[in-house]
Each structure stands twice: as structure tokens, then as C-alpha cells.
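Chain by chain, the residues run as shown.
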Amino acid sequence: MLWLTEKFLILMLCLAALVLGAYTVLPYFLPNLVKDADAQVTGLPAEIRNPPSIAPFPLAENEQLVLKPDDFHYPIMPGQTGPIENDFGIPLQYPFYCETINDARRHPLVDNHDGIGMPVYRFDDLGQRTDDILGYSKDCSQPTRVDYYYNRAGTDKFYPLEEAAGDIARIQINGQTIDFVVRLETGTINRFIYGIAALRGPDPDAMDKPVTPRVDSRYWNKRLIYQFNGGVGIGHLQGKFSIGYILDRRRDQLARGYAVAYSTGNHTRNHYNMRLAEDTARRVKQQFISVYGEPVYTVGIGGSGGAVQQYLIAQNSGDILDAILPLYSYPDMVTQIIPILDCELLEYYFDVTDGKNPLWALATNKERIVGLHANNHIENIRHHVSQVGAIINGNFNYRRQGTTECINGWRGLTPLINNPRFFHHSKKFTNGINRVTHWTHWDDLRYFYGSDERGYANSFWDNVGVQYGLEALKEGFISPEQFIHLNRHIGGWKPAAAHEDENFWAMNDSVSLRSFSPWSHQNMTHAGLVAAAVAPRTAGNADAARAIVKSGHVFTGHLQVPAIDIRHYLEEELDMHHLSASFATRARIQRAGGDIDNVPIWVSHKDYTPIDEAFSVIDQWLLNMAAHPEKSLAENRPSAAVDSCFDRSGELLAAGNQVWQGGWNRQPAGPCLKLYPAYKNSRIIAGESIHGDLFKCRTIPVQEAIDINLYSPVDMAPWRAQLQEVFPDGVCYYD
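If you're wondering where the values come from, they're calculated on a predicted model, not measured in any experiment.

J.: Sorry if this is basic, but what is going on with unusual backbone geometry here?
T.: When glycine is set aside, most residues are seen to have a negative phi, and most peptide bonds are trans. With omega at 5°, the peptide bond leading from Tyr74 into Pro75 counts as cis. By secondary structure assignment, the location of Pro75 is in the loop between α2 (46–49) and β1 (118–123). In this model, Ser712 is joined to Pro713 through a cis peptide bond whose omega is 10°. Checked against the element boundaries, Pro713 lands in the loop between α22 (702–707) and α23 (720–726). The residue Tyr328 is not glycine, and still its phi comes out positive at about 50°.

Below you can see the structure in the form of C-alpha cells.
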């Protein structure tokens with residue numbers, strides 16, 4: 001009886017923790033679920049309501065995405081609106097949410113009276129929204145406008161100039177001391193909100209000049225920064241424009257005379273269509289040139305998805321970026337999905353399927369399978385929610401110490417990317433629109449992936465033949481029995497049409513606490529199977545995989561501009577921005593025949609950020625190239641553009657061509673890698689290379705794998721029959 005009381009108390013405490021987490025913290029680690037919206041998209045164009053099935057992007061050898069000449073007339077003057085259709089001819093995505101619907105100064109223009117898009121309301125003389133509907137906006141266009149902001153002395157923040165009260169910072173520029181005031185132009189291009197910022201000139205009213213520069217640009221240093229931002233989005237959002245992205249974040253560079261351009265279309269929390277992002281950046285730059293004149297050069301900067309954009313735009317086009325500064329980089333988003341969709345499959349196995357196994361009590365033991373780093377000393381809300389979920393699903397003896405990057409860095413991304421019935425911004429759309437819209441990464445890029453006969457976008461994700469934990473088996477960390485059990489039960493993901501709602505309980509209006517699942521296990525292929533059954537794997541669409549590569553969404557290593565790949569070392573915090581991603585990029589550049597010395601890697605302690613130094617090095621590099629065009633990229637490279645690592649005070653710890661050598665390229669660890677070690681992922685543990693861009697492995701029969709000693713030094717011959725049952729289509733062979 002005492003035992004039952006103790007179990008009951010533990011369960012009640014865990015449920016209390018779940019309630020607290022659901023209402024206070026779950027919105028943080030599930031992707032910012034939006035509970036309410038006071039304005040919604042209410043109508044769709046007729047052609048969107050029943051979209052036809054489409055084939056993947058053309059695969060003919062000589063076919064490419066065609067960029068049409070931009071026939072829009074620049075500049076977009078104040079009061080005018082920018083283009084809506086993009087120059088690649090990529091179909092406009094609907095529904096599309098206008099983020100400024102409640103802004104009296106920037107609300108979208110009416111473009112129809114047919115109920116398509118969002119209602120546009122009249123604002124009264126006090127700037128308050130009334131209930132009077134003026135019409136509807138499906139494309140969210142805004143007139144271009146110009147505002148002035150000042151940097152408040154002693155801060156990094158900017159405020160509207162009309163709020164200044166003797167507190168404007170002063171800066172030195174061109175030998176003069178001036179007020180730190182910037183001109184900020186905003187409007188819409190390709191339906192996204194753009195911004196262009198530069199120091200206000202002595203004559204701020206010069207916009208009516210008939211020739212370029214159309215504004216007083218005497219304080220501009222003739223260098224343009226294009227700001228890219230990150231996050232994970234699946235489209236359908238115009239995105240919020242914040243002056244922090246373009247002014248606060250680039251304060252130091254603005255003070256030195258740089259101009260800065262940005263668009264919500266270059267913020268990947270809104271979408272991941274990289275060709276649309278490219279076209280948007282090209283047109284925003286053209287608007288800049290038409291107002292200010294041609295820059296000496298344009299350098300990109302931005303982290304995470306902002307880094308992805310830079311690598312892909314520099315690879316796919318030669319007219320936008322002259323140099324790039326990718327921060328917290330990945331080579332691309334598409335191939336990052338491959339190991340990340342393994343995460344919840346593996347975590348469910350550790351927590352529930354094999355949850356009573358004491359081997360998984362330590363997070364660092366899980367690391368031997370997931371590859372991504374683990375820390376036995378991090379126990380936060382994500383860790384405890386897993387605990388509650390395990391108990392609800394029957395594992396009353398759940399004992400775990402620490403957590404993994406899968407949970408701490410990536411939880412919440414699986415449903416966002418993969419479940420057509422889930423979108424954390426669903427409240428911005430009516431129930432009717434939610435029912436007919438497929439909310440996935442795959443559907444965001446439907447034009448490239450193609451779709452099936454039911455209208456669901458194709459997915460390339462594939463784990464047929466993947467031998468999870470192979471390295472751990474070969475190193476003797478897990479037994480053959482454990483290896484087979486893991487691969488028998490891991491399963492895959494159901495087809496899109498078979499996906500069910502997410503079971504986040506309070507966060508998405510689920511009425512059943514009993515079905516709560518942080519892993520989305522109801523959408524795994526083993527859901528509903530008997531315990532002894534082999535869980536089916538998922539076969540990806542090969543045409544979709546080829547199409548997404550051909551469309552320019554995968555970084556293949558082709559890079560012809562100076563770059564410095566910069567990141568803080570965040571492995572011990574289990575941040576999603578793992579160091580090994582930089583080595584994947586480097587390996588692809590090597591494979592493509594490029595010179596990796598032209599993309600030095602800088603890693604620093606999180607308390608030091610070498611951005612100013614990076615801008616200076618890139619500036620010297622580009623000026624060298626302008627002065628010596630007969631020399632190669634490498635010959636013009638400054639001596640400081642070299643692999644480096646820094647401590648928390650900014651002191652250089654090591655530099656040189658060998659400092660990042662290591663297991664990723666089968667070399668002894670260099671001094672930087674010893675100080676800042678990198679980790680792997682589930683596919684590398686399964687035998688794949690660091691490149692990370694293999695969508696579907698080549699499989700060989702189990703008997704052949706045994707014959708060629710694929711499992712050496714472990715003899716798997718006694719388990720041949722079990723392996724053949726688990727892998728009827730053969731096992732992955734990464735030659």
C-alpha cells in the first residue's frame with residue numbers, strides 16, 4: 001500500500017510539472033505556438049483551394065530554374081509599392097499572412113473586395129483600428145516610406161528621431177563629429193517587408209533628385225551589408241519587421257558608414273524557399289543601387305538560416321554577394337533534415353520502447369547512438385517533459401540524468417517540418433483554411449518537390465537500410481542483441497496523408513492528457529504495431545531528392561567568393577548550432593575541388609564575438625581583389641584570413657591550416673579541435689561521411705555485409721537471420 005501511495009505521489013508531481021510546463025514553458029521549446037490572433041487570413045484564391053498534383057522540378061540535364069529579366073522600374077519612390085511576382089516565376093504561396101494588419105502607419109493596401117486574404121480595417125484619427133472593413137489584402141503590399149532613427153547615447157538601441165531629447169549619440173565620420181541618425185527606408189518587394197538603412201546625410205531632403213544617388217549619401221562609405229536572419233519557417237508568413245535586425249544589430253557598422261539592407265524574405269523563420277530568398281535579395285539590392293548608387297562591394301552576414309542563405313545565394317548566383325560572413329552555419333537546411341528527423345525516433349526508443357533499460361539512464365550513453373552531443377548535467381524543462389511523457393506512456397521507472405542536443409536543441413522541429421496538420425501559427429488562419437492547407441517544409445517547397453495524387457508534397461526523407469548505432473556496436477558499446485533490438489523497433493515516419501494531430505495537450509487544444517507526446521510517436525510507423533513486430537522504415541521519393549538538389553537548395557561546395565565561417569562554441573550547452581556543420585561545408589568544398597583556405601573557420605568562446613575583426617579582414621580581402629584582379633582569390637587573401645580559435649577575452653589560441661584537423665577528415669586532432677571538440681550525428685554513427693548530403697544510401701544484402709566484414713571486429717554471422725528480418729531490403733553501405 002505504501003508502494004502504491006509513493007507511485008501515486010510521484011505521478012501527481014510529474015503531472016503538476018506537466019501542467020506548469022505546458023502553460024509556461026512549452027511555448028518556448030515547441031516553436032512558439034500562437035494561441036490567439038485578432039486578425040486572420042479568411043479567404044483563398046480559387047486555384048489554391050484544390051491544388052493539382054505536380055511533378056517534381058524538371059530533371060532534364062539541360063534544364064535550370066530560369067531567372068527572367070527584371071522589368072520592374074526602380075527606384076520605388078515613397079508612396080509607391082514594390083513588385084509582387086518574383087523573377088523566377090515561382091508561384092505565389094497562399095494563404096499569406098500580413099504581419100502589419102494592425103499597424104496604422106504600415107497596414108497593407110487593399111488589393112481585392114472578394115474576401116481573399118485578410119480584411120483591411122479603417123483606422124480612426126487616433127490610430128485605433130475600427131471594425132470597418134475597407135477591403136481585403138492577399139499580397140500584403142505596403143507603400144514605401146522613409147523614417148529617421150537615432151542611436152540613444154550610451155546604448156546600442158535606436159529610437160524614432162521625434163523621441164530624441166538631447167540624448168543623440170555622436171560619432172566620427174569623414175573627420176567630422178555628427179549626430180548618429182540613420183535614414184530607414186521600408187516597403188515591400190516580393191510581398192516581404194524590406195529595409196535599407198544608412199547614415200542621414202547633411203541634406204536629408206534630397207530624395208527628389210532625378211539621378212542616382214537620389215539621397216545625400218556623403219556619409220556612406222560605399223560598402224553595403226546585406227543582413228540575413230535565421231529560424232525555421234514553412235512559409236505563409238510575411239514576417240515581422242524589426243528595426244533591431246537592421247539597426248541595433250549593425251550599430252557598429254552603421255557608425256563606420258556602412259549601409260545595411262534586409263528583408264523579411266531573407267529571414268528563414270518565415271520560409272525556406274532559397275530561390276525566392278535569392279530573388280528578394282537581388283531586388284532589394286537593386287532598389288538600394290537605384291537610390292544610393294553602386295556599392296564598392298556587398299558583404300552578407302547572418303546566422304543559422306542566415307548563414308544557409310549566404311552559402312546558397314553565393315553558390316547559385318554571382319550578382320548579389322561579393323563576400324559572406326556565415327555565423328553558426330549549416331551547409332543548407334535540406335540536408336540538415338536528414339539526421340534531425342532521426343532525433344525523435346531515437347528519443348522515443350530510449351524513453352519508452354526501451355525505457356526500462358538502465359543503459360539509457362545517462363544522456364552521454366545516448367550520445368553514442370544519436371551522435372549529437374549530450375550533457376549529463378543539463379536537466380531543464382525539456383528533460384522533465386520527456387520524463388512526464390514517458391510516465392504517461394507507461395514507463396513508471398523512468399530515470400534519466402542529463403539530456404541530448406536532440407531534445408535541447410531540436411525538439412519541436414519535427415512536427416513543424418513534417419506534419420501537415422500542425423503549424424504553430426495556425427491561429428492566424430481560419431479553421432477552414434487550416435483544414436485545406438498542408439503545413440510542412442515539403443509543402444513550402446512544393447514547386448520543387450512535387451506532390452502526390454492527393455496533393456501532399458513529396459518528401460525525400462529515407463531511412464531504409466540505415467543501421468542505427470553501427471559505430472557503437474563495432475566499438476563494443478552495445479551488444480549485437482541491443483543493436484538488433486534498436487533497429488527492429490526504431491521505425492520511421494508515416495506518409496503525410498496518414499499523419500495525425502500533434503498531441504501537445506494544452507498547447508494545441510488536445511482534450512486528452514493521456515495522449516500527450518513530445519516525440520510525435522503517433523506519427524511513427526510503429527504506432528499500433530504489436531511489440532514483437534519489425535517497425536517499417538520510410539522510403540523517400542528519389543525524384544524529389546534529385547529535384548531539390550537541382551533547384552539549388554543544397555550546398556554542393558561551389559563557392560567563388562571570400563568567406564569566414566564564424567561561430568561561438570556552444571556544444572556544452574547542447575545548442576543546435578553544432579560545430580561539425582562547418583566541417584560538412586568544408587568537406588563539400590573539398591569534394592567540389594575548391595580551396596578550403598578561402599573559407600577559414602573562426603570559433604570563439606561565447607563571451608567573445610570577432611565580428612568587427614571579420615569585417616576588417618573581408619574589407620582588406622575585397623580591396624586586394626579590386627586592386628589586383630589578375631591575382632587569384634587565394635593570392636589576395638589577407639594573412640589574418642586563416643583558421644583560428646579564440647578564448648573568452650578574444651585572445652588568439654591557435655591559428656593555421658592544421659588547427660581544425662580531426663576525425664572528420666581522418667587526421668590527428670589539431671589544437672583548436674582539441675580545445676573545442678566537435679561531435680557527430682546519427683547518420684555518421686550509422687556509417688555515413690561528414691558530407692551529410694546522401695539522401696538514400698546504397699544497400700547491400702545482409703550476407704554480403706557480413707562477408708565484407710562491415711561489422712568488424714564484431715562477428716554478426718550468428719545474428720544473420722535476425723538482421724535479415726530487420727533489414728529485408730539490405731543494409732546501407734557507404735563506400
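Now that the structure is up, let's keep going.
J.: Explain empty space enclosed by the protein here, please?
T.: Vacant regions in the atomic arrangement are exposed by a probe of water-molecule size rolled over the atoms. In this structure the tally under the stated criterion is seven cavities of 30 Å³ or more. As for the largest cavity, its lining consists of 18 residues, of which Gln336, Ala584, Asn681, Ile690 and Gly692 are closest to the centre. Mapped by element, the contributors of at least two residues to the lining of the largest cavity are α7 (337–353), α18 (580–591) and α21 (682–685). When residues of the lining of the largest cavity are assigned to their parent elements, the largest contribution, four residues, is made by α18.

J.: In this structure, what is going on with the state of the cysteines? I would like to understand it.
T.: Evaluated as defined, the whole model comprises four disulfides. Note on cysteine connectivity: Cys645 is disulfide-linked to Cys672, with sulfurs 2.1 Å apart. Looking along the S-S bond of the Cys645-Cys672 disulfide, the torsion reads about -85°, which is the left-handed sense. With Cys645 in strand β17 (residues 644–646) and Cys672 in helix α20 (residues 671–675), this residue pair connects regions lying 27 residues apart in the sequence. When sorted by exposure, Cys645 lands in the same class as Cys672, which is buried.

J.: Got a minute to help me understand the nonpolar core in this structure?
T.: If you look at soluble globular proteins, the nonpolar side chains tend to sit buried side by side. Core analysis: the largest hydrophobic core is formed by 129 residues, its most contacted members being Trp442, Phe460, Phe483, Leu559 and Tyr711. Tallying contributions element by element places α7 first for this core, with 11 residues. Residue contacts for Leu559: discarding those within four places in its chain leaves Tyr311, Ala314, Ile324, Ile589 and Val599. Counting 41 residues, the second largest nonpolar core, distinct from the first, contains Val182, Tyr219, Leu325 and Ala614.

J.: What am I meant to see in the pairing of strand β10 (residues 259–263) here?
T.: For a regular strand, the rule is simple: side chains alternate between the two faces of the sheet. By the criterion of burial, β10 is predominantly enclosed, with five of the five residues buried. Burial along β10 is two-sided: Ala259, Ala261 and Ser263 facing one way and Val260 and Tyr262 facing the other are all buried. With four bridges connecting them, strand β8 (residues 192–199) and β10 associate as antiparallel partners. Residue Tyr194 lies in a different strand from β10, and its bridge partner there is Ser263. Of the strand pairs in this sheet, strand β9 (residues 223–227) and β10 are connected by three bridges, and their pairing is parallel. Residue pairing in the sheet places Ile225 in a bridge with Val260 of β10.

J.: Hey, could you run me through the pattern of salt bridges in this one?
T.: This structure, assessed with the given rule, holds 41 salt bridges. In this structure, Glu347 and Lys366 form a salt bridge, with 3.4 Å as the shortest nitrogen-oxygen distance. Note that Glu347 is positioned in helix α7 and Lys366 in helix α8 (residues 363–370), a separation of 19 residues in sequence. For Glu347, a relative accessible area of 0% translates into the label buried.

J.: Even after reading the chapter, I still don't get α18, so can you show me in this structure?
T.: For an α-helix, the turn length of 3.6 residues means that residues three or four places apart are oriented alike. For α18, spanning 12 residues, the distance from its first C-alpha to its last is 17 Å, which sits close to the expected 16 Å at 1.5 Å a residue. Across the 12 residues that make up α18, a large majority, 10, are buried. Positive phi appears at Gly593, one or two residues downstream of α18, with a value of about 85°.

J.: Explain the environment of Ala457 to me, please; I cannot follow it from the model alone.
T.: Mapped onto the elements of the fold, Ala457 is located in the loop between α14 (446–449) and α15 (470–474). Measuring from C-alpha to C-alpha, the distance between Ala457 and Asp248 comes to 39 Å, with 209 residues separating the pair along the chain. When sequence neighbours within four positions are dropped, the list of residues in contact with Ala457 reads Trp442, Asp443, Arg446, Gly450 and Ser451.

J.: Quick question: what am I supposed to make of the packing of α7 against helix α16 (residues 480–489) here?
T.: What describes two packed helices is the angle between their axes and the distance between those same axes. Contact pair α7 / α16: the axes reach a minimum separation of 10 Å and the direction vectors enclose 110°. On the basis of their axis angle, the class for α7 and α16 is roughly perpendicular. Of the two elements, α7 crosses α16, and the hand of that crossing is right-handed. In this structure, α7 contributes Leu346, Tyr349 and Thr353 to the contact, and α16 contributes Gln482, His485, Leu486 and His489. By residue class, the composition of the contact of α7 with α16 is three nonpolar, four polar and no charged.

J.: Before we go on, may I ask you to explain the side chain of Asp693 in this structure?
T.: Turning to its location among the elements, Asp693 is positioned in the loop between α21 and β19 (699–700). Classification of Asp693 by relative accessible area gives buried; the value is 19%. Setting aside anything within four residues of it in sequence, one finds Asp693 in contact with Thr335, Arg588, Arg591 and Glu688.

J.: Help me understand the pairing of strand β16 (residues 601–604) in this model?
T.: Because side chains alternate across β16, one face comprises the buried residues Ile601 and Val603, and the other comprises Trp602 and Ser604, equally buried. Of the crossover connections in this fold, the one passing from strand β15 (residues 565–568) over α18 to the parallel β16 is right-handed. Inspection of the sheet shows β16 paired to β17 by three bridges, in the parallel sense. Counterpart to Val603 in the pairing with β17 is Cys645. Viewed along the sheet, the connection from β16 through helix α19 (residues 611–627) into β17 turns out left-handed.

What counts and what doesn't
- Residues numbered from 1 in each chain as written.
- Predicted model: local features only at pLDDT ≥ 70, side-chain atom pairs only at ≥ 80, totals over all residues.
- Heavy atoms only, no water.
- Helix = DSSP H or I, 4+ residues; strand = E, 2+ residues; numbered from the N terminus.
- 1 Å grid on protein atoms, 1.4 Å probe; cavity = no way out; pocket = protein on both sides within 12 Å on 5 of 7 lines; lining within 4 Å.
- Points joined across faces, edges and corners; volume = space filled by probe spheres on them.
- Disulfide = S-S within 2.5 Å.
- Buried < 20%, exposed > 50% of the residue type's maximum accessible area, 1.4 Å probe, protein only.
- Core = buried A, V, L, I, M, F, W, Y, C linked by side-chain atoms within 4.5 Å.
- Contact = heavy atoms within 4.5 Å.
- Pairing = 2+ DSSP bridges.
- Salt bridge = Lys/Arg side-chain N within 4 Å of Asp/Glu carboxyl O.
- Expected span 1.5 Å × (residues − 1).
- Axes fitted to C-alpha atoms, helices over the stretch in contact; angles between N-to-C directions.
- Parallel < 35°, antiparallel > 145°, perpendicular 65-115°, else oblique.
- Left-handed = near helix turned anticlockwise from the far one by under 90°.
- Nonpolar A, V, L, I, M, F, W, Y, C, P; charged D, E, K, R; others polar.
- Right-handed = clockwise from strand over helix to strand, strands pointing away.

From the geometry alone we can't say anything about function, so treat these as descriptive.
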